[in-house]
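Working through the structure, step by step
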Amino acid sequence: LGPTIATVQGSQGCTVPTSWAWKFVLVEDNSQSSILAFMSTSISGSGSLTLSTSEFLDRFLIPGNRYYYAILQAANQAEMDILEAGPLDDLGRA
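Overview of the structure.

Moving on, we come to the environment of Arg-66. Looking at the element boundaries, Arg-66 is found in the loop between β5 (48-53) and β6 (67-74). Taking relative accessible area as the criterion, Arg-66 reaches 59% and is therefore assigned exposed. Between the C-alpha atom of Arg-66 and that of Val-25, which follows or precedes it by 41 residues, the distance is 14 Å. Apart from residues no more than four positions distant in its own chain, Arg-66 is found in contact with Val-27, Glu-28 and Asp-29.

A few words on the pattern of salt bridges. Considering all chains together, one arrives at 2 salt bridges under this definition. Taking the shortest distance from any N to any O, the salt bridge between Glu-84 and Lys-23 comes out at 3.8 Å. Note that Glu-84 is positioned in helix α1 (residues 77-85) and Lys-23 in strand β2 (residues 21-28), a separation of 61 residues in sequence. According to the relative accessible area criterion, Glu-84 is partly exposed, its value standing at 32%. In this structure Lys-23 comes out as buried when scored by relative accessible area, which is 17%.

Rules of the game
- Residues numbered from 1 in each chain as written.
- Predicted model: local features only at pLDDT ≥ 70, side-chain atom pairs only at ≥ 80, totals over all residues.
- Heavy atoms only, no water.
- Helix = DSSP H or I, 4+ residues; strand = E, 2+ residues; numbered from the N terminus.
- Buried < 20%, exposed > 50% of the residue type's maximum accessible area, 1.4 Å probe, protein only.
- Contact = heavy atoms within 4.5 Å.
- Salt bridge = Lys/Arg side-chain N within 4 Å of Asp/Glu carboxyl O.

Structure representation (structure tokens):
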């Protein structure tokens, strides 16, 4: 499997703040959209950001269940650190 890649792009009048923090998460597709793990995320570019992860967390996967990757955005790295340090929760509360 190759890396998972996402592009975040602002517009001329609405750029992506450089202070924002980003993280891929592995989510179980259930009624709570349970976050199973934060994933190693690389960020490159300016103006248009490319987010990527090569991490494949098969130890969390159960055959027959559905999963997806999501991207979390926090106002800054300190807020992202708080999210990562806290208990894993559902996406609606993250």
